[in-house]
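Observations on the three-dimensional arrangement
Residue strings, one per chain:
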Amino acid sequence: MDAPTKTVSRGKVMTTYHGPHVPSHPDPDARPLTWRPGARWTDRERIRAHSCSCRGVVFEFVGAAGQYFIRRTTLQSHLIEETERMVSSRAEQMWADLFSGKVY
Ligand SMILES: [Zn+2]
């Protein structure tokens, strides 16, 4: 009876693993990030973390060759965008700011 599922509204059953959400409405004074055209996968990259995909947009924290960036994928249009490459400390701060609505 303690299976890792729960029933949510509309009768939909979802697993309890539900990644975090990026706020749909960032803070009024939030800072826009620069999103540039991205590419799907290179074999050297690793996804360190990702957001929940239930809102149609997935954010991924990606490490590649000692550098880090955030990828934003809009599922319906398959639009893939990425931030610039950064050192880990800066990318981690940006990732945290994204989920707290300070950047978008
Ligand atoms: Zn969700």
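Residues numbered from 1 in each chain as written. Predicted model: local features only at pLDDT ≥ 70, side-chain atom pairs only at ≥ 80, totals over all residues.

Quick look at the overall build of the protein now. Counting its regular elements, the protein contains one helix and seven strands. Sequence-ordered secondary structure for the protein, helices as α and strands as β, is β-β-β-β-β-β-β-α. When each of the 104 residues of the protein is scored for burial, the buried share is 16%. Here the analysis covers contacts within the protein between residues at least 6 apart in sequence; of these, 42% occur between residues at least 24 apart. (Helix = DSSP H or I, 4+ residues; strand = E, 2+ residues; numbered from the N terminus. Buried ≥ 20, exposed ≤ 12 C-beta atoms within 10 Å, placed from the backbone. Contact = placed C-beta atoms within 7 Å.)

Attention now moves to the pairing of strand S5 (residues 57-64). Here strand S4 (residues 45-50) pairs with S5 via five bridges, running antiparallel. Within S5, the position partnered with Arg 46 by the bridge is Gly 63. Connecting S4 to the next strand, S5, in antiparallel fashion are six residues, including Gly 56 with a positive phi near 85 degrees. Pairing of S5 with strand S6 (residues 67-74), which is carried by eight bridges, proceeds in the antiparallel orientation. (Pairing = 2+ DSSP bridges.)

Here we come to the sheet that holds strand S3 (residues 36-37). Reading across the sheet, the five strands line up as S3-S7-S6-S5-S4 and stay open at both edges, with antiparallel pairing between neighbours. Bordering the open sheet on either side are S3 and S4, each of which pairs with just one other strand. Pairing geometry for S3 and strand S7 (residues 79-82), over two bridges, is antiparallel. Along S7, the bridge assignment pairs Arg 36 with Glu 82. Along the sheet, helix H1 (residues 88-99) contacts S4, S5 and S6; its crossing angle with S6, the most-contacted strand, is approximately 30 degrees. (Axes fitted to C-alpha atoms, helices over the stretch in contact; angles between N-to-C directions.)

Taking 1.5 Å as the rise per residue, H1 with 12 residues should run 16 Å; its terminal C-alpha atoms sit 17 Å apart, in good agreement. For H1, the complete set of buried residues consists of Ala 91, Met 94, Trp 95 and Leu 98. Viewed along the axis of H1, the buried residues span an arc of 100 degrees, placing them on a single side of the element. Facing away from the buried side of H1 by more than 90 degrees, the exposed set consists of Ser 89 and Ala 96. Here the buried face of H1 lies against S4, S5 and S6. (Expected span 1.5 Å × (residues − 1). Arc of directions from axis to C-beta.)

Let us look at the nonpolar core. Soluble globular proteins tend to pack their nonpolar side chains together in the buried interior. Core analysis: the largest hydrophobic core is formed by 12 residues, namely Val 22, Phe 59, Phe 61, Val 62, Tyr 68, Phe 69, Ile 70, Ala 91, Met 94, Trp 95, Leu 98 and Val 103. If one sorts the elements of this core by residue count, H1 sits on top with four residues. Residue contacts for Phe 59: discarding those within four places in its chain leaves Val 22, His 50, Ser 51, Ile 70, Arg 72 and Leu 98. (Core = buried A, V, L, I, M, F, W, Y, C linked by C-beta atoms within 7 Å.)

Mapped onto the fold, Val 62 is located in strand S5. For Val 62, a count of 23 C-beta atoms within 10 Å translates into the label buried. Separated by 16 residues in the primary sequence, Val 62 and Arg 46 have C-alpha atoms spaced 5.6 Å apart. Leave out the neighbours within four places in its chain, and Val 62 touches Glu 45, Ile 47, Arg 48, Tyr 68, Phe 69 and Arg 71.

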